[in-house]
Amino acid sequence: MAEESALIPIPDELGLQVAAALQDDGATALGLADRAAIKPGERVLVEAAGGGLGSLLVQLARAAGAHVIGAARGERKAELVRSLGAELVVDYSVPGWTDQVLAATGGRGVDLVFDGVGGALGEEAFETAARGGRFSIHGAASGSASQIDAARAQQRGVEVIGVDQLFALRSGWRERVERALALAARGELVPTIGQTFPLERAADAHAAMETRSVTGKTLLTVQSQRR
């Protein structure tokens with residue numbers, strides 16, 4: 001049983017599913033955005049932009065005045081990312097996707113990359129970072145986090161914000177959840193709930209996420225039992 005002090009009230013304007021979708025991803029997205037210090041006019045690349053966390057990062061970057069490029073797999077996710085305000089969406093399952101990013105920035109590259117995929121794709125994304133830019137690592141959807149050579153980053157003048165930043169985000173978690181809920185209540189942050197599964201189909205939910213074909217956040221629902 002949870003302690004009363006650990007509970008966070010849900011604004012009247014929000015439903016339980018929206019609040020649940022923001023509890024983890026909302027707090028994490030705000031922490032990542034705060035740490036990366038997005039500036040107006042910057043070009044920001046968001047990997048896995050059609051996912052639960054990525055779709056929030058797209059919105060936060062847009063709200064900060066950045067020009068957002070979303071990287072997603074397939075047209076279904078691309079449509080979602082465009083609807084969230086990304087100025088360009090590239091399919092990172094297609095070879096040469098980084099060339100599209102560089103072309104869109106006049107060859108300069110992006111000021112900030114949010115890397116939630118890792119692996120070979122994350123290393124490809126690193127090549128789109130502009131000199132003096134930032135490369136923020138927060139996930140390993142590919143199976144492993146990006147391993148960026150420190151000498152290479154220094155040579156390029158790119159600040160690598162490592163995946164260990166997630167440990168620091170434990171501090172201030174409650175405040176960021178409350179911020180996320182307040183933003184959502186004002187309509188300024190909208191989580192994408194792509195699909196829900198009843199609790200007894202939790203295995204199906206995990207299987208769907210593992211295929212990386214789902215959009216937004218996947219939630220499990222619990223049927224209340226009346227006595």
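Structure: see above.
The rules behind the values
- Residues numbered from 1 in each chain as written.
- Predicted model: local features only at pLDDT ≥ 70, side-chain atom pairs only at ≥ 80, totals over all residues.
- Heavy atoms only, no water.
- Helix = DSSP H or I, 4+ residues; strand = E, 2+ residues; numbered from the N terminus.
- Contact = heavy atoms within 4.5 Å.
- Buried < 20%, exposed > 50% of the residue type's maximum accessible area, 1.4 Å probe, protein only.
- Pairing = 2+ DSSP bridges.
- Right-handed = clockwise from strand over helix to strand, strands pointing away.
- Arc of directions from axis to C-beta.
- Phe/Tyr/Trp six-rings, centres within 6.5 Å; stacked < 30°, edge-to-face > 60°.
- Lys NZ or Arg CZ within 6 Å of the ring centre and 35° of its normal.
- Salt bridge = Lys/Arg side-chain N within 4 Å of Asp/Glu carboxyl O.

## Things to note about the environment of Arg 179
Working step 1: Secondary-structure assignment places Arg 179 in helix H9 (residues 173-185).
Working step 2: Separated by 83 residues in the primary sequence, Arg 179 and Gly 96 place their C-alpha atoms 38 Å from one another.
Working step 3: Sequence-distant contacts of Arg 179, that is, excluding residues within four places in its chain, are made with Leu 30 and Asp 34.

## Here we look at the pairing of strand E5 (residues 129-137)
Working step 1: Taking burial as the measure, the nine residues of E5 include seven buried ones, the bulk of the element.
Working step 2: Pairing analysis gives five bridges linking strand E4 (residues 110-115) to E5, with the strands arranged parallel. Each residue of the ladder has a partner; that of Asp 115, found in E5, is Ile 137.
Working step 3: Crossover handedness for the path E4 to helix H6 (residues 119-126) to E5: right-handed.

## Observations concerning H6
An α-helix turns once per 3.6 residues; consequently, residues spaced three or four apart project the same way.
Working step 1: Within H6, the full set of buried residues consists of Gly 119, Leu 121, Gly 122, Ala 125 and Phe 126. Along H6, the residues classed as buried sweep out an arc of 150 degrees about the axis, all on the same side.

## A look at the environment of Ile 161
Working step 1: Along the chain, the position of Ile 161 falls in strand E6 (residues 159-161).
Working step 2: Overall, the relative accessible area of 3% leaves Ile 161 in the buried class.
Working step 3: Discounting residues that sit within four places of it in the chain, Ile 161 has contacts with Arg 35, Ala 36, Arg 134, Phe 135, Ser 136 and Ile 137.

## Digging into the pairing of strand E3 (residues 88-91)
Working step 1: In this sheet, E3 lies alongside strand E2 (residues 67-72) in parallel orientation, the contact comprising four bridges. From the neighbouring strand, Ile 69 faces E3, where its bridge partner is Leu 88.
Working step 2: Handedness of the crossover joining E2 and E3 through helix H4 (residues 75-83): right-handed.

## Details of the packing of aromatic side chains
For any pair of aromatic rings, geometry is given as the distance between the ring centres together with the angle between the planes.
Working step 1: With the rule as written, the count across this model stands at two aromatic pairs.
Working step 2: Ring plane angle 80 degrees and centroid distance 5.5 Å describe the contact between Phe 126 and Phe 135, whose orientation is recorded as edge-to-face.
Working step 3: You can call Phe 126 buried: its relative accessible area is 2%.
Working step 4: According to the relative accessible area criterion, Phe 135 is buried, its value standing at 0%.
Working step 5: The ring of Phe 126 carries the charged tip of Arg 156 above its face, separated from the ring centre by 4.9 Å.

## With respect to unusual backbone geometry
Working step 1: For Ala 37, which is not glycine, the phi torsion reads 50 degrees and is therefore positive.
Working step 2: Examined against the element boundaries, Ala 37 turns out to sit in the loop between helix H2 (25-36) and strand E1 (43-46).
Working step 3: Although it is not a glycine, Ala 48 sits at a positive phi angle of roughly 50 degrees.
Working step 4: Within the element layout of this structure, Ala 48 appears in the loop between E1 and helix H3 (52-63).

## Points about the pattern of salt bridges
Working step 1: Enumeration according to the criterion identifies eleven salt bridges in this entry.
Working step 2: Put simply, Asp 34 and Arg 179 hold a salt bridge, and the shortest N to O gap is 2.9 Å. Of this pair, Asp 34 sits in helix H2 while Arg 179 sits in helix H9, and the two are 145 residues apart along the sequence.
Working step 3: Taking the relative accessible area as the measure of exposure, Asp 34 reaches 44% and is therefore partly exposed.
Working step 4: Linking Arg 186 and Glu 188 is a salt bridge whose minimum nitrogen-to-oxygen distance equals 3.1 Å.
Working step 5: Each of Asp 34, Glu 175 and Arg 179 takes part in salt bridges that share partners, so that together they form one network.

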